[in-house]
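In case you want the letters, here they are:
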Amino acid sequence: FEVFLAGQAPAGQKDLEQAIALLRGVRADCCSTPAARLLFINALADLARNHISVRDAEGGLTLAQEAVANARRWLTQRPAALEIPQALTAALSTQGVLLEAKGDLTAARGALAESTQWAARAVQANPGEESLLYYQARALEFLAGLCVTLHDGACARDSGAQAADILGALLVRTPENTSWRNMRVMAAMNRSSGLGFLADQSPALRPQAVDAARAAYELAKNNALLNPEGREESDNLYVAAQRLGAQLDNFGRKAEAEFYAREAGAVIEALVRREPENRRSLRLQFINQ
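Residue indices follow the written sequence of each chain, beginning from 1 at its first position. Totals for whole chains, interfaces and linings use all residues, but because this is a predicted model, local features are given only for residues with pLDDT of at least 70 and pairs of side-chain atoms are given and counted only at 80 or more. Each side-chain value is derived from all of the structure's non-hydrogen atoms; neither hydrogens nor water enter the calculation.

### As for unusual backbone geometry
- A positive phi angle is found at R27, which is not glycine, with a value near 60 degrees.
- Along the chain, R27 falls in the loop between α2 (9-25) and α3 (34-53).
- Notably, H151 is not glycine yet its phi reads approximately 55 degrees, a positive angle.
- Positionally, H151 belongs in the loop between α7 (130-149) and α8 (153-173). Put simply, DSSP marks the helices as runs of H or I at least four residues long and the strands as runs of E at least two long, and each gets a number from the N terminus on.

As structure tokens, then:
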């Protein structure tokens, strides 16, 4: 998954395919040690997510479904195996992301919600394990992002807040982890979006919604200052500034909104100058304008 985030999908895909072939060769898909079977399911999930970056959601979903089926089969064979909650977290969260990419939002929500339940079980069985806490935060963040798409304010607020809190605690121990920092920003943005939806129904929540959007923006700005050349950091700062501006505009605070909309514009224009052919940056520049 980190390879996918780094934009190195083709190289990562080849390595993952070779790893999966080797694992099948030693029967890690059915009959090897629990550690090897977990590695096989994680590799399938990683390869499935990798397919998103090459715009092959169909192929990725097939792999994710194999990962889920294998993990569920393992659950029936060895229900007490400690590795199963980890395997189901990885497989189901990946399946959910790919179902979302395919447009099946109802099924995606079911898979992502179940993945957060298995993640909680994994953490409960191994409290304090950093990798499991990260996977739990990631599953919650995927669910929060989908709930933003569905305009489910309570789900986006609660899942985003829980993910941000977990990542914040992890970053106290390892502040230099850029992946955790960036995911924390996304979780905070999803929390603020959820509060924004709720504030549309209950105006008394507007101050909370603005405060949450401002907090996400401050996290994003700090990340961008720590890594000024980072594409993901700049992208997150654009999104956070744009959402804060939109939130302020929605609540009638137009002068403040303009400030953040212009800041978002400066961020995205700098990205376009660095990568003039990047389609996402061009689209975001158009949205900002």
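There is more to say after this.
### Details of the state of the cysteines
- What counts as a disulfide here is a pair of cysteine sulfur atoms lying within 2.5 Å. Throughout the structure, instances matching the rule amount to 2 disulfides.
- With a sulfur-sulfur separation of 2.3 Å, C30 is cross-linked through a disulfide to C31. Of note, the bridge from C30 to C31 carries an S-S torsion of about -95 degrees and is left-handed in sense.
- The buried label applies to any residue whose accessible area, calculated with a 1.4 Å probe on protein chains only, is under 20% of its type's maximum; exposed applies above 50%, and partly exposed to all values in between. Classification of C31 by relative accessible area gives partly exposed; the value is 46%.
- A sulfur-sulfur distance of 2.0 Å marks the disulfide that ties C147 to C155. Its S-S torsion of approximately 60 degrees makes the covalent link between C147 and C155 right-handed.

### Quick look at empty space enclosed by the protein
- A pocket, in this scheme, is an open set of points on a 1 Å grid over the protein atoms alone with protein on both sides within 12 Å along at least 5 of 7 lines, while a cavity is a set where a 1.4 Å probe fits but cannot get out; residues line either one if an atom lies within 4 Å of a point. Grid points are joined across faces, edges and corners, and a volume is the space filled by probe spheres set on the points. One pass over the structure, following the stated rule, counts 1 cavity of 30 Å³ or more.
- A volume near 40 Å³ is recorded for the largest cavity.
- Forming the walls of the largest cavity are Q86, T89, A119, A122, V123, L132, Y135 and Q136.
- When residues of the lining of the largest cavity are traced back to their parent elements, those giving at least two are α5 (84-102), α6 (105-125) and α7.

### Some words on the environment of A81
- Assignment of secondary structure puts A81 in the loop between α4 (57-77) and α5.
- As for A81 and L47, which are separated by 34 residues in sequence, their C-alpha atoms are 24 Å apart.

### Examining the side chain of S192
- Along the chain, S192 turns up in helix α9 (residues 178-201).
- Note on definitions: a residue-residue contact is assigned when non-hydrogen atoms from the two residues lie within 4.5 Å. Excluding residues that lie within four positions of it along the chain, S192 makes contacts with A209, A212, A213 and Q247.

### Comments concerning the packing of aromatic side chains
- What counts as a ring pair is set by centres within 6.5 Å for rings of Phe, Tyr and Trp (its six-membered ring), and what kind of pair is set by the plane angle: stacked under 30 degrees, edge-to-face over 60, tilted for all other angles. Considering all chains together, one arrives at 4 aromatic pairs under this definition.
- Between Y217 and Y260, the aromatic rings sit 5.1 Å apart at their centres with planes inclined by 80 degrees, giving edge-to-face as the arrangement. A residue pair is termed long-range when its members are at least 10 positions apart, and Y217 in helix α10 (residues 206-226) and Y260 in helix α12 (residues 254-274) qualify at 43 residues. Considered together, Y217 and Y260 belong to a single accessibility category, that of buried residues.
- Ring geometry for F259 versus Y260: centroids 5.0 Å apart, planes at 90 degrees, classification edge-to-face.
- Among the residues examined, Y260 registers a relative accessible area of 11% and is labelled buried.
- A connected cluster of aromatic rings, assembled from ring pairs, spans Y134, Y135 and W180.

### Digging into α7
- Multiplying 1.5 Å by the helix residue count minus one yields the expected span of that helix. Here α7 spans 29 Å end to end across 20 residues, near enough to the 28 Å set by a 1.5 Å rise per residue.
- Counting buried positions along α7 yields 15 of 20 residues, so the element is predominantly enclosed.
- In the segment just after α7, H151 is the residue with positive phi, at about 55 degrees.

### Observations concerning the nonpolar core
- For our purposes a nonpolar core is just a set of buried Ala, Val, Leu, Ile, Met, Phe, Trp, Tyr and Cys residues, chained together by side-chain atoms within 4.5 Å. With 41 residues, the main nonpolar core has F40, I41 and W74 as its most contacted residues.
- Those elements that place two or more of their residues in this core are α2, α3, α4, α5, α6, α7 and α8.
- Dropping the residues within four chain positions of it, I41 is found in contact with A67, N70, A71, W74, A87 and A91.
- Core analysis: the second largest hydrophobic core is formed by 28 residues, M189, A199, L237 and L244 among them.

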